[in-house]
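Structural description and commentary
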Amino acid sequence: MSKKANEIRTKKVKLITFWSLIGLATLAFITVLVILFIETRPYESYSDIRKDNLTLIRDQMFSQAGETYYVYVYDSSNTNELSAEKALELEPVVFNYFNFVKQNSRKSGVVKIYGLDVNDFENRSCVKNTDSYTRVSRFDNFAVKASSLPLLLEIVNGVVEYPYATISQIQEELQSTMDTFRTSIRNPILIVPKKEFTF
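These numbers were taken from a predicted model, which means no experiment stands behind them.

The rules behind each value
In this numbering scheme, every chain counts its residues from 1 along its sequence in written order. Residues qualify for local features only when their pLDDT is at least 70, as the model is predicted, and side-chain atom pairs are given and counted only at 80 or more; totals for whole chains, interfaces and linings, by contrast, use all residues. Hydrogens and waters are ignored; side-chain quantities use all the structure's heavy atoms. Salt bridges are identified by distance alone: a Lys or Arg side-chain nitrogen within 4 Å of an Asp or Glu carboxyl oxygen. By definition, any uninterrupted DSSP run of H or I lasting at least four residues is a helix, any uninterrupted run of E lasting at least two residues is a strand, and each is numbered from the N terminus. A 1.4 Å probe rolled over the protein chains alone gives each residue an accessible area, and that area as a share of the maximum for its type sets the label: buried under 20%, exposed over 50%, partly exposed in between. Only buried Ala, Val, Leu, Ile, Met, Phe, Trp, Tyr and Cys residues count toward a nonpolar core, and they belong to the same one when joined by side-chain atoms within 4.5 Å. Between two residues, a contact is recorded if the distance between any of their heavy atoms is within 4.5 Å. Two strands form a pair only when DSSP identifies at least two bridges running between them. For Phe, Tyr and Trp, rings pair up if their centres lie within 6.5 Å, where Trp contributes its six-membered ring, and each pair is then called stacked (planes under 30 degrees apart), edge-to-face (over 60) or tilted (otherwise).

Points about the pattern of salt bridges
A full pass over the atoms with the stated rule returns two salt bridges. Residue Glu-161 pairs with Arg-135 through a salt bridge whose shortest N-O separation is 2.0 Å. Here Glu-161, found in strand S4 (residues 159-164), pairs with Arg-135, found in the loop between strand S2 (112-117) and strand S3 (151-156); they are 26 residues apart in sequence, far enough to count as distant. Overall, Glu-161 belongs to the partly exposed group, its relative accessible area being 25%.

Written as structure tokens, this is what we have:
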């Protein structure tokens, strides 16, 4: 009787182990699907950028990881008609670049992009009557006119190296960066070791 009970107990343990492994594999699969779904959800508004913690406050714009990255300076509640029109025209281009970075975030060589909303309470002090953003490395020295917004800044080693203020400059810069990255992925540079010939 005890031999039969041991066989039944062994079968139950094997059955429980089998279904536990199936359950864990299913849970892992569902987790991977959820992560992939979240990663592929596109940016369509400034609130999407904010949800992913890509909006910066004050000196954060000079201290992000990476040697080179972009900061898109915008006003989420723009009342200036010309700036609002410029922002509306740039939105597809900028959100396209945010999506490009998101899709290629695991690859090396992608130039990241962040947002700086001057409508945030902490960032309002940068809106002044003059533009002062070239070669700036501290938020206290950073100044931009409301009529100049939105603009794209290329930060290199914590300093604003290249400002892009017009629609065409911003479009060309972001498109050029995407094209360069895609070309480097398709045509990677291979370093072939020299062969030494002996005679």
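So that's the structure; there's more coming.
Describing the nonpolar core
Judged by nonpolar contacts, the single largest core of 44 residues is most densely connected at Met-61, Val-73, Tyr-97, Phe-142 and Leu-153. Mapped by element, the contributors of at least two residues to this core are helix H2 (46-51), strand S1 (68-74), helix H3 (81-103), S2, S3, S4 and helix H4 (167-186). Looking at which element gives the most residues to this core, the answer is H3, with eight residues. The residues touching Phe-142, leaving out its near neighbours within four places in the chain, are Met-61, Val-73, Leu-116, Cys-126, Lys-128, Ser-132, Tyr-133, Val-136 and Leu-153.

Regarding the pairing of S2
Extensive coverage of S2 is indicated by the burial of five of its six residues. As judged from the six bridges shared by S1 and S2, these two strands associate in the parallel manner. Its bridge partner lying in S2, Tyr-70 is registered against Ile-113.

A look at the packing of aromatic side chains
The tally for this structure, following the rule as stated, stands at five aromatic pairs. Note on Phe-18 and Trp-19: the rings are 5.2 Å apart at their centroids and 75° apart in plane angle, and the pair reads as edge-to-face. For Phe-18, a relative accessible area of 44% translates into the label partly exposed. Taking 5.9 Å as the distance between ring centres and 25° as the angle between the ring planes, the aromatic pair formed by Tyr-72 and Tyr-74 counts as stacked. By relative accessible area, which is 1% here, Tyr-72 ends up buried. For Tyr-74, a relative accessible area of 1% translates into the label buried.

Quick notes on the environment of Asp-120
Relative to the assigned elements, Asp-120 resides in the loop between S2 and S3. Distance from Asp-120 to Ser-76, taken between C-alpha atoms, is 8.7 Å for residues 44 residues apart in sequence.

Comments concerning the pairing of S1
With respect to burial, S1 is a largely interior element, six of its seven residues being buried. Judged from the six bridges that link them, S1 and S3 form a sheet pairing that is antiparallel. Among the inter-strand pairings, Thr-68 is bridged to a residue of S3, identified as Val-156.

These values are about where atoms sit, not about what they do.
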